[in-house]
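One-letter residues, chain by chain:
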Amino acid sequence: MLTSTPVQLYLGAAGYCTHPEVLTLRGGSIRPVRFPAGFACIIHPVHGAMLLDTGYSSRFFDETARLPNALYRYITPVVYQEQDSAVHFLKRIGLRASDIRYVILSHFHGDHIAGVRDFPQAQFIYLPQAYDAVRSLGPLAAVKAGFLSGLLPDDFTQRSLPLTGRPRQWTEVRGAKVDGGTGTEAEVTGRTLTGTGAEAPRILPWDEVYDIFGDGSLLGVDVSGHAAGMMGILLRTEQHEYFLCADAVWSSRAFREQRRPHALAGIIMSDRRKYRSNFDKLVQLHQQFPALRIVPSHCEEVLSDWGTGGTTHE
């Protein structure tokens with residue numbers, strides 16, 4: 001097993017945008033296709049309910065009503081209805097917005113953070129380099145980086161728990177537990193992790209991971225390239241293991257068929273070299289762990305096969 005403590009997982013999407021497929025998949029069609037704004041609800045046995053990203057919300061349209069932010073909406077046309085929101089999704093699985101204790105942000109693009117104001121009691125977990133890369137950008141540079149600062153709550157910094165601790169070797173945290181198990185990685189930095197004694201081969205393409213809660217249950221992986229400091233999450237349920245890979249690819253076909261996006265997609269990337277490196281590692285991960293369920297944030301196939309239509313999934 002790649003992680004230790006099992007969690008419950010629900011996959012959903014809040015709206016979608018459209019792009020020509022060829023931009024996201026080399027050799028794809030020039031016709032526009034849907035890219036759902038995916039998010040995940042994770043229920044941890046100790047730390048409770050949390051989200052990975054939020055998808056769109058009506059605030060996205062408020063923030064893109066005027067130039068220069070309106071360029072974001074023109075370039076990526078968005079379809080969204082209020083019943084698509086993460087809050088409504090949570091209601092369908094028996095949760096309230098106030099039940100969400102943490103929102104893990106894979107990165108700071110608008111389609112991933114548009115709903116964060118709906119969770120006023122949640123704390124925010126992310127890699128600090130992700131926020132550092134966008135927080136001081138001017139208006140045009142922010143739009144190019146896909147960042148709309150008005151989507152974040154005024155007290156964002158005060159409610160943030162950035163993962164400032166050093167990443168750990170995957171073999172060190174695999175199956176690890178922390179006595180008490182009550183803090184995030186940022187809060188438990190310095191505690192001694194005790195493994196299960198089982199020795200694991202060093203075959204994970206990413207050697208270093210962030211043990212978010214210090215118990216080996218959620219392992220953050222730096223998959224930068226599409227955006228600086230972008231983080232994917234390794235986890236498992238009682239039935240399956242998952243890698244929620246954010247925007248490391250736009251579709252499952254990309255890593256299965258080893259088809260990178262069109263060169264024009266590099267215009268919006270923070271680092272093309274890192275993108276290629278992490279793309280190759282994702283292909284390697286799929287080949288080494290074929291049973292692992294890899295979940296790109298914008299893949300309709302994944303949402304159709306493993307998504308939650310308002311009923312319990314895992």
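Computed from a predicted structure; not experimentally measured.

Student: For this particular structure, what's the right way to read the nonpolar core?
Tutor: Nonpolar side chains tend toward joint burial in soluble globular proteins. Within the largest apolar cluster, 73 residues are counted, with the highest numbers of intra-cluster contacts made by F108, F243 and L282. The next biggest cluster of nonpolar side chains, apart from the first, holds 26 residues, and it includes I104, I125, I212 and M231.

Student: Can you help me understand the pairing of strand β5 (residues 100–104) in this one?
Tutor: Residues in a regular strand project their side chains so that they alternate between the two faces of the sheet. Taking burial as the measure, the 5 residues of β5 include 4 buried ones, the bulk of the element. Alignment of strand β3 (residues 48–52) against β5, held across 4 bridges, turns out to be parallel. When the sheet's bridge partners are listed, L51 is paired in β5 with V103. Sheet analysis places β5 next to strand β6 (residues 123–125), joined by 3 bridges and oriented parallel. Within β6, the position partnered with V103 by the bridge is F124.

Student: What is the right way to look at the sheet that holds strand β4 (residues 78–79) in this model?
Tutor: Within a sheet, neighbouring strands are paired by backbone hydrogen bonds and run either parallel or antiparallel to one another. Taken together, the 6 strands give an open sheet; going across it, the order is β4-β1-β2-β3-β5-β6, and neighbouring strands pair in mixed fashion. Each edge of the open sheet carries a strand with a single partner, namely β4 and β6.

Student: What is the right way to look at the environment of A141 in this model?
Tutor: Topologically, A141 is positioned in helix α7 (residues 139–144). Taking the C-alpha atoms as reference points, A141 and P68, 73 residues apart in sequence, are found 9.8 Å from one another.

Student: How do you make sense of helix α11 (residues 272–288) when you look at a structure like this?
Tutor: Residues three or four positions apart in an α-helix share a direction because the helix packs 3.6 residues into each turn. Across its 17 residues, α11 extends 24 Å between first and last C-alpha, which sits within 8% of the 24 Å expected from 1.5 Å per residue. Within the span of α11, buried status applies to Y275, N278, F279, L282, V283 and L285. Viewed along the axis of α11, the buried residues span an arc of 160 degrees, placing them on a single side of the element. Residues R273 and Q287 are exposed on α11 and point more than 90 degrees away from its buried face. As for α11, its buried residues are in contact with β9 (219–222), β11 (241–246), α10 (252–256) and β12 (293–296). At the N-terminal end of α11, a side-chain oxygen is found 3.0 Å from the backbone nitrogen of R273, two or three residues along, and the residue is D271.

Student: Even after reading the chapter, I still don't get the pattern of salt bridges, so can you show me in this structure?
Tutor: Opposite charge on two side chains permits them to pair, given that their charged atoms come into close proximity. Applying the stated rule across the entire model yields 11 salt bridges. Salt-bridge contacts for R59 lead to D118; the nearest nitrogen and oxygen are separated by 2.9 Å. Placement of R59 in helix α2 (residues 59–63) and of D118 in the loop between α5 (110–113) and β6 is noted, with a sequence separation of 59 residues between them. Assessed through its relative accessible area of 25%, R59 is described here as partly exposed. Taking relative accessible area as the criterion, D118 reaches 23% and is therefore assigned partly exposed. Across the pair R96 and D99 runs a salt bridge whose closest N-O atoms are separated by 3.4 Å. Given the relative accessible area of 24%, D99 is considered partly exposed.

Student: Any chance you could explain the confidence of the model for the protein chain here in plain terms?
Tutor: Low-pLDDT portions of the prediction should not be read for the details of their coordinates. Within the protein chain, residue pLDDT values average 89, and 89% of them lie at 70 or more. Within the model, the stretch residues 310–314 combines pLDDT values under 50 with 18 contacts to residues more than four positions away or in other chains.

Conventions used here
- Residues numbered from 1 in each chain as written.
- Predicted model: local features only at pLDDT ≥ 70, side-chain atom pairs only at ≥ 80, totals over all residues.
- Heavy atoms only, no water.
- Core = buried A, V, L, I, M, F, W, Y, C linked by side-chain atoms within 4.5 Å.
- Buried < 20%, exposed > 50% of the residue type's maximum accessible area, 1.4 Å probe, protein only.
- Helix = DSSP H or I, 4+ residues; strand = E, 2+ residues; numbered from the N terminus.
- Pairing = 2+ DSSP bridges.
- Expected span 1.5 Å × (residues − 1).
- Arc of directions from axis to C-beta.
- Contact = heavy atoms within 4.5 Å.
- Polar contact = N/O pair within 3.5 Å; in protein donor to acceptor, adjacent residues only side chain to side chain.
- Salt bridge = Lys/Arg side-chain N within 4 Å of Asp/Glu carboxyl O.
- pLDDT = per-residue confidence, 0-100.

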